[in-house]
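# Structural characterization, general
Next come the chains, spelled out residue by residue.
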Amino acid sequence: GRVRGLGSAKAGAHHWWMHRLTAGSNFLLMLWFLFSIARLPSLSYPAVIAWLSTPLAAVPMILLVVSVFSHFRMGLQTVIEDYQHDETRVVSMVALNFYVIGMAALAIFSILKIAFTPGAA
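Owing to the predicted nature of the structure, the values given are computational and were not obtained by experimental measurement. (Residues numbered from 1 in each chain as written. Predicted model: local features only at pLDDT ≥ 70, side-chain atom pairs only at ≥ 80, totals over all residues. Heavy atoms only, no water.)

## Considerations on the overall build of the protein chain
Summing up its helical and strand segments, the protein chain has four helices and zero strands in all. Going from N to C terminus, the protein chain has its helices and strands arranged as α-α-α-α. Across the 121 residues of the protein chain, 26% fall into the buried class. Of the contacts formed within the protein chain by residues at least 6 apart in sequence, a portion of 68% connects residues at least 24 apart. (Helix = DSSP H or I, 4+ residues; strand = E, 2+ residues; numbered from the N terminus. Buried < 20%, exposed > 50% of the residue type's maximum accessible area, 1.4 Å probe, protein only. Contact = heavy atoms within 4.5 Å.)

Structural data, given as structure tokens:
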């Protein structure tokens, strides 16, 4: 047969590339976040809320949340697949997926709540 370069599970190369892509986006978005926070006049609660209520801050922050949690999930999926070989492997993967989706949804909801709060800016 032909070697297609996809590994035995047919998804290894895609998973590897996605993990690298999220690592790169994490790096760029974290640089944006650090420079944005450093440029604020103060780190007081009203200043940070006013900054996060602008679309130029809220949208990249949501992208950062999605990228970080995607990277986190892919990394822990690899650890679970490589080191857990008993029947709790499926339970661990389901728990990981619920945790990642729940925490990302909570973070995105919080950002959107700040962004759409009247008078926050």
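## Notes on the nonpolar core
Residues W51, L52, M61, V65, F69, L96 and I111 are the most contacted members of the largest nonpolar core, which totals 18 residues. At the level of secondary structure, the elements contributing two or more residues to this core comprise helix 2 (45–52), helix 3 (55–83) and helix 4 (88–115). The element that contributes the greatest number of residues to this core is helix 3, accounting for eight residues. With residues up to four places along the chain from it excluded, the contact list for F69 reads V100, M103 and A104. (Core = buried A, V, L, I, M, F, W, Y, C linked by side-chain atoms within 4.5 Å.)

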